[in-house]
Amino acid sequence: MDSLDTFARTKLDALEAGSLRRRLTPTERGTGAAAARRGRALVSFSCNDYLGLSHHPRVIAAAQEAVATYGAGAGGSRLVTGDHPVLGALEARLAQHKGAEAALVFGSGYLANLGITPALAGRGDLVVLDELSHACMWAGARLSGAKVLTFRHNDPADLAAKLAEHRPHHARALVLTERVFSMDGDRAPLGDLLGVAEDFDAWTLVDDAHGIGVVEDGPRAPLEMGTLSKALGSYGGYLCASRPVIDLMTSRARSFVYTTGLPPSSAAAALEALVILEAEPARRARPLALARRFTARLGLPEAESAVVPVLVGDAQAALDISAALEADGFLVVAIRPPTVPAGTARLRVAFSAAHAEAQVDALADAVAALTGRASRP
Ligand code: PMP
């Protein structure tokens, strides 16, 4: 057997050869869309703080007050001693916001997905997920032990075909999709997908990580999970569902039961962000409006959310454009396989209420210059 280090180096060499090696780059975030790398100021278009709430004075004050009063950490699993009342207050507000009976807060969105699917499906059951679903939906599906199939991205007819063939041979079936896809920014045809799922007696779990606070119209699924870390500017995850489902999760979602509760400060920040978000419709409308300003200027398909992909194709070419944009003063992340399918490396541009129109126009012009597109006001 190789030594551990030889094993790691061989793997790293292979990743390097495929432009797949990842490296951490220390990045300071400032207020609004400000960022800094290696001491250089940048305008960030790589942040999921879609409403700019992570730096809102009231959100910061709520977190500070919670830290000062209750300490930095929860101190235990929520079922033991870590269930601070602020988590219950946040859950009540989340459920109300989503029009659901109840909600449960998890340590992160990733942990939520890791716990929800295995608590609902197991051996002998079926999980069918959109082929572009986030890594944590895949992780939950695989962990469940159910048979896992995909349907073509945003294709209700293909979902129907998969369920027609496989549903009869399984006790329970769960359909997984996202309201807004994290790397493409497009929205799922939820009404149609929910209809198909119902026709085949399947439950549906929708990941609303990139929807809440930005894209809120459209039908609701019986299971809606999401994160507190994007438009809500904090950290943590949640599930909104009926009271019995939430009660079941409280006992059976292992990523809820066997992990430390969310720090009260994260919950307090998210709760304050939710209050602000509900009170300020103009703030909620801004990321999508800015994204559409960008796509119009570049002649790209109209943005459907705060996330806009600029497809490049080759992984190294995407990295090179991202580096050139950084030299121009913009932080725009290149997304490569395996996060996205091979040959579809891209720039992922994320818009925030904190951006100014002039910053969006300047980015569009810089992208146009680097990709050979036209940019027109
Ligand atoms: N679902 C989707 C679609 C996501 O994009 C993300 C975060 N990148 C998550 C879940 C995980 O959420 P969290 O960051 O809170 O773990």
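Every chain is numbered on its own, with residues counted from 1 as its sequence reads. Where totals are concerned, whole chains, interfaces and linings use all residues; where local detail is concerned, this predicted model gives features only for residues with pLDDT of at least 70, and gives and counts side-chain atom pairs only at 80 or more.

Brief notes about the site of the ligand
Right, on to step 1. Note on definitions: a residue is near a molecule or strand provided its C-beta atom, placed from the backbone, lies within 6 Å of it. Near the ligand you find 13 residues, and of these Ser108, Gly109, Tyr110, Ser182 and Thr227 are the closest.
Right, on to step 2. When grouped by side-chain class, the residues that make up the shell around the ligand number 3 nonpolar, 8 polar and 2 charged. Think of it as three bins: nonpolar holds Ala, Val, Leu, Ile, Met, Phe, Trp, Tyr, Cys and Pro, charged holds Asp, Glu, Lys and Arg, and polar takes everything else, Gly as well.

Regarding the environment of Ala358
Right, on to step 1. Each helix corresponds to a stretch of at least 4 residues labelled H or I by DSSP, and each strand to a stretch of at least 2 residues labelled E; elements are numbered beginning at the N terminus. Relative to the helices and strands, Ala358 is located in helix α13 (residues 357–371).
Right, on to step 2. Exposed residues have 12 or fewer other C-beta atoms within 10 Å of their own C-beta, buried residues have 20 or more, and partly exposed residues fall in between, where C-beta atoms are placed from the backbone. The class for Ala358 is exposed, based on 8 C-beta atoms found within 10 Å.

Comments concerning unusual backbone geometry
Right, on to step 1. Residue Pro337 is joined to Pro338 through a cis peptide bond whose omega torsion reads 5 degrees.
Right, on to step 2. Counting through the fold element by element, Pro338 comes out in the loop between β13 (333–335) and β14 (345–350).
Right, on to step 3. Even without being a glycine, Arg38 presents a positive backbone phi close to 50 degrees.
Right, on to step 4. For Arg38, the location among the structural elements is in the loop between β2 (34–37) and β3 (40–44).
Right, on to step 5. Even without a glycine there, the phi angle at Asn154 is positive, about 55 degrees.
Right, on to step 6. Here Asn154 lies in the loop between β6 (147–151) and α6 (156–166).

Quick notes on the sheet that holds β6
Right, on to step 1. In spatial order, the strands read β4-β10-β9-β8-β7-β5-β6; together these 7 strands make up an open sheet with mixed pairing. Of all the strands in the sheet, just β4 (102–106) and β6 have a single pairing partner and so form its edges. Here the average twist between neighbouring strands, direction ignored, is 20 degrees.
Right, on to step 2. Sitting on the sheet, helix α4 (residues 109–120) is in contact with β4, β5 (126–130), β7 (173–178), β8 (203–207), β9 (223–227) and β10 (237–241), with an inclination near 160 degrees to β9. Two strands qualify as a pair provided DSSP detects at least 2 bridges between them. Axis geometry follows a simple rule: fit a line to the C-alpha atoms, using only the stretch in contact for helices, then measure angles between N-to-C directions, giving values from 0 to 180 degrees. C-beta atoms are first placed from the backbone for all residues, and any pair lying within 7 Å is then listed as a contact.

Some points on the packing of α4 against helix α8 (residues 243–252)
Right, on to step 1. Where α4 meets α8, the axes come as close as 10 Å, and the angle between the chain directions of the two elements is 105 degrees. Relative to α8, the element α4 lies roughly perpendicular. For the pair formed by α4 and α8, the contact residues are Gly115, Ile116 and Ala119 on the first element and Leu248, Met249 and Arg252 on the second. The cut-offs work like this: below 35 degrees is roughly parallel, past 145 is roughly antiparallel, 65 to 115 is roughly perpendicular, and the gaps in between are oblique.

As for the UniProt feature "domain: Aminotransferase class I/classII large" (unreviewed entry) in the protein
Right, on to step 1. UniProt positions are given in the numbering used here, feature names are shortened, and annotations may be inferred rather than shown by experiment. Under the feature "domain: Aminotransferase class I/classII large" (unreviewed entry), the UniProt entry names residues 42–367.
Right, on to step 2. Helix makes up 44% of residues 42–367 and strand makes up 17%, while its end C-alpha atoms are separated by 15 Å.

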